[in-house]
Amino acid sequence: MSNAVIGLIAGMGLAFAGYFGGFGAFLLVAALGAIGFVVGRFLDGDLDPGDFFRGRDRGERRR
């Protein structure tokens, strides 16, 4: 399945949640979708757990 089709399905799901459940349901579906996306990328091996906890500049200190 292409990324465009997955984006279409996600957009339609958010639209249904917003239409039938209101803005609160829209935010809940969007937040859970983002969490699912991150977990999916982690399980696919595209993300490293250290990416979330590592600082930006390890070698240089700011004064």
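Nothing here was measured: the structure is a model prediction, and the numbers come from that model. (Residues numbered from 1 in each chain as written. Predicted model: local features only at pLDDT ≥ 70, side-chain atom pairs only at ≥ 80, totals over all residues. Heavy atoms only, no water.)

Visitor: Quick one: what's the story with the overall build of the protein chain, residue by residue and with numbers?
Guide: Across its full length, the protein chain carries one helix and zero strands. Buried positions account for 2% of the 63 residues belonging to the protein chain. (Helix = DSSP H or I, 4+ residues; strand = E, 2+ residues; numbered from the N terminus. Buried < 20%, exposed > 50% of the residue type's maximum accessible area, 1.4 Å probe, protein only.)

Visitor: Any chance you could break down the packing of aromatic side chains for me, citing the residues and the numbers?
Guide: Per the stated rule, a full pass over the model turns up three aromatic pairs. A ring pair is formed by F16 and F20, whose centres lie 6.0 Å apart and whose planes are at 10°; its orientation type is stacked. Of this pair, F16 and F20 both sit in helix α1 (residues 3–44), separated by four residues, roughly a single helical turn. The pair F16 / F20 is uniform in exposure class, with both members exposed. Feature note: the residues F16, Y19 and F20 constitute an aromatic cluster, connected by ring pairs. (Phe/Tyr/Trp six-rings, centres within 6.5 Å; stacked < 30°, edge-to-face > 60°.)

Visitor: Can you lay out a nonpolar patch on the surface for me, pointing to particular residues and giving the numbers?
Guide: Side chains of L28, L32, I35, V39, F42 and L43 sit close together on the surface and give an oily, nonpolar patch of about 610 Å² of accessible area. Mapped onto the elements of the fold, L43 is located in helix α1. (Patch = residues over 30% accessible without salt bridge, like charges linked within 9 Å, V, L, I, M, F, W, Y side chains within 5 Å. Areas by Shrake-Rupley, 256 points an atom, 1.4 Å probe, with all protein chains shown as cover. Salt bridge = Lys/Arg side-chain N within 4 Å of Asp/Glu carboxyl O.)

Visitor: Account for α1, with residues named and values stated.
Guide: Relative to the 62 Å expected for 42 residues at 1.5 Å per residue, α1 spans just 15 Å between its end C-alpha atoms, considerably shorter than the ideal helical length. At G21, α1 shows its maximal bend, which comes to roughly 145°. One or two steps after α1, the chain reaches G45, where phi turns positive at roughly 90°. (Expected span 1.5 Å × (residues − 1). Bend = angle between axes of the 7 residues up to and from the residue.)

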